[in-house]
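Each chain is listed here by its residues.
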Amino acid sequence: DAFLQSALACPTCHGRLSIEGAGCRCPACRRPFHRVGTYVDFLDLADPAVAGVQLDFTDHYVMPDTPYARILRQVTERFSAALAARLQRLVGHPARCLDIGISIIDAGRIKPHLNTYERWLTVYCAINPDVHELRSEDDRLFFARAVGEYVPFSDEVFDLVLIHSTLDHCVDPD
């Protein structure tokens, strides 16, 4: 895809990546990044800079049949429904979106109450360190295993960046 070819950047040295077969490579620092199922893995677990980064969020998932979960879902759906129209007015045109933390996707599809996003997102890329969240049934979605501290994209290639329920998981939110 032409957008990914121009947008992908090495999370370590920020060099432009070349897409090669089942992944990509940084010609500058020679790091390879491999496709694993439905995502490209940009996370180097041996890198001391990512030590301490939370990689598995299964303990954060709310049980769906609790009163708390029902209230949270209602509030989130109301907020999200209004947010889509506000973001469309703010951006003003079909948007290229980076979603740090995968806030609008569930089980590989855009969440039903967020379908209004779908008609004005031309590109959707998401990063998350949790491999359980990186599955897609839609080939228009690009998933990367990465962390917000080391985003595998060039600067200023997105019109919109979503960060929902993510900053509390950062090692250093500043």
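Look a little higher up for the structure.
Residues numbered from 1 in each chain as written. Predicted model: local features only at pLDDT ≥ 70, side-chain atom pairs only at ≥ 80, totals over all residues. Heavy atoms only, no water.

Undergrad: Tell me about the overall build of the protein, and please be specific about residues and values.
TA: If you tally the helices and strands in the protein, you get 3 helices and 10 strands. Counting across all 174 residues of the protein, residues that qualify as buried make up 39%. Surface exposure of the protein reaches about 10,100 Å², of which carbon and sulfur atoms provide 54%. (Helix = DSSP H or I, 4+ residues; strand = E, 2+ residues; numbered from the N terminus. Buried < 20%, exposed > 50% of the residue type's maximum accessible area, 1.4 Å probe, protein only. Areas by Shrake-Rupley, 256 points an atom, 1.4 Å probe, with all protein chains shown as cover.)

Undergrad: Would you mind going over the sheet that holds strand 2 (residues 23-25) in detail, with residue names and values included?
TA: The strand order across the open sheet formed by 8 strands is 1-2-3-4-9-8-5-10, and the pairing between neighbours is mixed. Among the strands making up the open sheet, the edge pair consists of strand 1 (18-20) and strand 10 (160-163). For this sheet the average axis-to-axis angle between neighbouring strands, irrespective of direction, equals 25 degrees. Relative to strand 4 (residues 39-41), strand 3 (residues 32-36) runs antiparallel, the two being bridged by 3 bridges. Across the sheet, residue Arg35 finds its bridge partner in strand 4, namely Val40. (Pairing = 2+ DSSP bridges. Axes fitted to C-alpha atoms, helices over the stretch in contact; angles between N-to-C directions.)

Undergrad: Please set out the pairing of strand 10 residue by residue, giving values where relevant.
TA: On strand 10, burial follows the alternation: Leu160 and Leu162 on one face are buried, whereas Val161 and Ile163 on the facing-out side are not. In this sheet, strand 10 lies alongside strand 5 (residues 95-100) in parallel orientation, the contact comprising 4 bridges. By the bridge assignment for strand 10, Cys97 is matched with Leu160.

Undergrad: Explain unusual backbone geometry to me, using residue names and the numbers behind them.
TA: Phi at His14 is positive, roughly 70 degrees, even though this residue is not glycine. Within the fold, His14 resides in the loop between helix 1 (2-7) and strand 1. In this model, Glu156 sits at a positive phi of 60 degrees, which is unusual for a non-glycine residue. On the secondary structure map, Glu156 appears in the loop between strand 9 (141-145) and strand 10.

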